[in-house]
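# Residue-level structural notes
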Amino acid sequence: MPVRLSILWCWISLALMAQSPEAVRLLGTIQAVASDGLSLVTDQKQIIAVGNEGKAQVRKVAPGARDMAQAQDVQWTDLAAGDRVLVRGYRLKDIVLAESVVLMSAREIAKRNDDLRREWMSRGVAGLVDKVNPNGEITVLVRGEQGMKPITVDASGATFLRYARDSVRFADARASVIADVKKGDQLRALGDRAADSSRLKAEKVLFGTFRSVAGAITSLDEDKGTMALKDQVTGKQVVVKTKPESQIKRMPEMGAGGPGPGGFRGQGGPGGPGGAGMMRPGGGAPDINALLERMPASQLKDLKVGETIIASAAVGEQPGDLTAFLILGNAGGLLARLASAAENTQRGPGAGQSMGMTGGLGGLDSMMGMPGMQ
């Protein structure tokens with residue numbers, strides 16, 4: 001229902017109401033805005049009509065702000081679709097009349113996210129935890145051109161965040177401690193590297209415990225949000241469930257020469273989105289995180305029986321029955337490329353252990369969301 005029409009009905013019903021208004025607090029994203037109100041999609045996926053009587057106080061804060069100390073007074077006209085807002089007011093039947101609005105600009109959020117991603121790419125490392133030492137040092141296996149390379153992360157002075165059980169979104173991560181980090185966890189660390197890149201003095205550490213499975217879809221029920229696939233590592237059937245917040249992405253088609261250095265077709269030149277940097281030099285494993293960053297969102301209906309997928313879920317689910325937070329479709333070419341890169345690496349001098357998220361998906365060292373990924 002349009003905002004203006006909702007507000008008109010509010011005024012009519014207001015004269016008939018004999019009950020006290022209900023105080024409410026709503027957090028969400030603006031869907032549409034007009035001079036007399038806005039349509040808000042809450043974080044619980046509800047669409048709420050918010051009315052403006054011209055008395056609402058609107059204040060703007062920087063993305064990530066924890067208090068109102070640096071808030072600036074702005075106008076209702078500064079609100080735009082896509083902005084994040086915190087609305088306080090009172091509910092009158094099917095509309096909320098705003099008393100105050102706290103604004104986080106969509107453009108400023110996007111810039112903050114881009115800055116965070118760049119920082120974590122340039123000053124961060126990502127890999128699998130191999131050892132946690134009592135002195136605060138963590139040995140992380142990071143995939144490079146010559147296989148898995150150990151890097152020592154000095155986390156003695158770092159702050160820790162742990163990914164939620166059912167999400168790899170940075171926004172869902174929660175405060176944690178080094179005692180919660182275990183061998184096999186996936187970890188990102190941000191800080192200053194030594195000149196030889198063998199050590200990193202961490203300022204922040206993000207980690208999580210995940211499981212991934214890859215195989216061809218044998219059945220698909222779009223209505224129930226479930227699919228069955230044959231695990232290419234164990235050969236067993238696995239049921240993968242999805243939920244509304246599950247992320248689904250699809251790999252673009254590999255180049256005409258197969259899953260080789262030629263990259264992906266139709267993705268902005270050699271190496272796919274972002275150019276040649278999407279693939280490791282010398283035909284090594286592709287940069288999975290860079291690929292995921294640039295892939296558009298997809299839907300369950302885009303997946304097909306017979307298609308090879310990679311599904312990621314938190315460790316701790318019942319064996320053979322997973323609720324996925326991330327599904328990567330059309331992944332057959334990628335898995336072939338990873339297997340080829342791992343085989344070449346193992347044959348070369350100084351080759352390290354081929355180790356993936358499940359020990360059998362060599363190269364998929366991290367499908368975790370970086371700061372800024374919502």
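Structure shown above.
So, here is what we can say about the structure in this document. (Residues numbered from 1 in each chain as written. Predicted model: local features only at pLDDT ≥ 70, side-chain atom pairs only at ≥ 80, totals over all residues. Heavy atoms only, no water.)

### Comments concerning the pattern of salt bridges
Counting across every chain of the model gives 14 salt bridges. The salt bridge involving Lys 111 is made with Asp 115; its shortest N-O contact spans 3.0 Å. Of this pair, Lys 111 and Asp 115 both sit in helix α2 (residues 106–123), four residues apart, roughly one helical turn. With a relative accessible area of 54%, Lys 111 lands in the exposed category. Note on Asp 115: relative accessible area 33%, which makes it partly exposed. Here Asp 115 and Arg 118 are joined by a salt bridge, their closest N and O atoms 2.5 Å apart. (Salt bridge = Lys/Arg side-chain N within 4 Å of Asp/Glu carboxyl O. Helix = DSSP H or I, 4+ residues; strand = E, 2+ residues; numbered from the N terminus. Buried < 20%, exposed > 50% of the residue type's maximum accessible area, 1.4 Å probe, protein only.)

### With respect to α2
Between its terminal C-alpha atoms α2 stretches 25 Å, which fits the 26 Å expected from 18 residues at 1.5 Å a residue. Buried within α2 we find Ile 109, Asn 113 and Trp 120. Seen along its axis, α2 keeps its buried residues to an arc of 35°; they face one direction. Turned more than 90 degrees from where α2 packs its buried face, Arg 107, Lys 111, Arg 118 and Ser 122 sit exposed. (Expected span 1.5 Å × (residues − 1). Arc of directions from axis to C-beta.)

### Describing the nonpolar core
With 18 residues, the main nonpolar core has Trp 76, Leu 79, Val 85, Val 87 and Val 101 as its most contacted residues. If you list the elements that add at least two residues to this core, you get β1 (22–34), β2 (37–42), β3 (47–51), β6 (84–92) and β7 (95–104). For this core, the element with the most residues is β7, which contributes four residues. Those residues in contact with Val 85, other than ones at most four positions away along the chain, are Leu 26, Leu 27, Gly 28, Ile 30, Leu 40, Leu 79, Val 101, Val 102 and Leu 103. In this structure, Ile 138, Leu 187, Ala 202 and Val 205 belong to the second largest nonpolar core, which totals 17 residues. (Core = buried A, V, L, I, M, F, W, Y, C linked by side-chain atoms within 4.5 Å. Contact = heavy atoms within 4.5 Å.)

### Focus on the packing of aromatic side chains
For the coordinates displayed, the defined rule picks out three aromatic pairs. Plain terms: the ring middles of Phe 160 and Phe 207 are 6.5 Å apart, the flat faces sit at 75° to each other, and that makes the pair edge-to-face. With Phe 160 in strand β11 (residues 159–162) and Phe 207 in strand β14 (residues 199–208), the pair connects residues that are 47 residues apart, well separated along the chain. Using a relative accessible area of 8% as the deciding quantity, one classes Phe 160 as buried. Relative accessible area serves as the criterion here: at 0%, Phe 207 is assigned to the buried category. Ring geometry for Tyr 163 versus Phe 210: centroids 6.1 Å apart, planes at 65°, classification edge-to-face. Separated by 47 residues along the polypeptide, Tyr 163 in the loop between β11 and β12 (174–176) and Phe 210 in strand β15 (residues 210–221) bring together distant segments of the chain. Of the two residues examined, Tyr 163 and Phe 210, each falls in the buried class. In this structure an aromatic cluster arises from ring pairing among Tyr 163, Phe 210 and Phe 325. (Phe/Tyr/Trp six-rings, centres within 6.5 Å; stacked < 30°, edge-to-face > 60°.)

### Structural notes on unusual backbone geometry
Trans is the prevailing form of peptide bonds, just as negative phi is the prevailing case for residues other than glycine. Positive phi outside glycine occurs at Lys 93, with the angle close to 60°. With respect to the helices and strands, Lys 93 occurs in the loop between β6 and β7. Even without a glycine there, the phi angle at Ser 197 is positive, about 65°. By the element assignment, Ser 197 lies in the loop between β13 (186–193) and β14.

### What about the pairing of β13?
Counting buried residues along β13, six of its eight residues qualify, which places the element largely inside the surrounding structure. In the sheet, strand β8 (residues 124–132) pairs with β13 via five bridges, with the strands oriented antiparallel. For Gly 127, the partnering residue across the bridge sits in β13 and is Leu 187. In terms of strand pairing, β13 meets β14 through eight bridges, oriented antiparallel. Among the inter-strand pairings, Gly 191 is bridged to a residue of β14, identified as Ala 202. Where β13 hands over to β14, the hairpin turn is made up of five residues, of which Ser 197 adopts a positive phi near 65°. (Pairing = 2+ DSSP bridges.)

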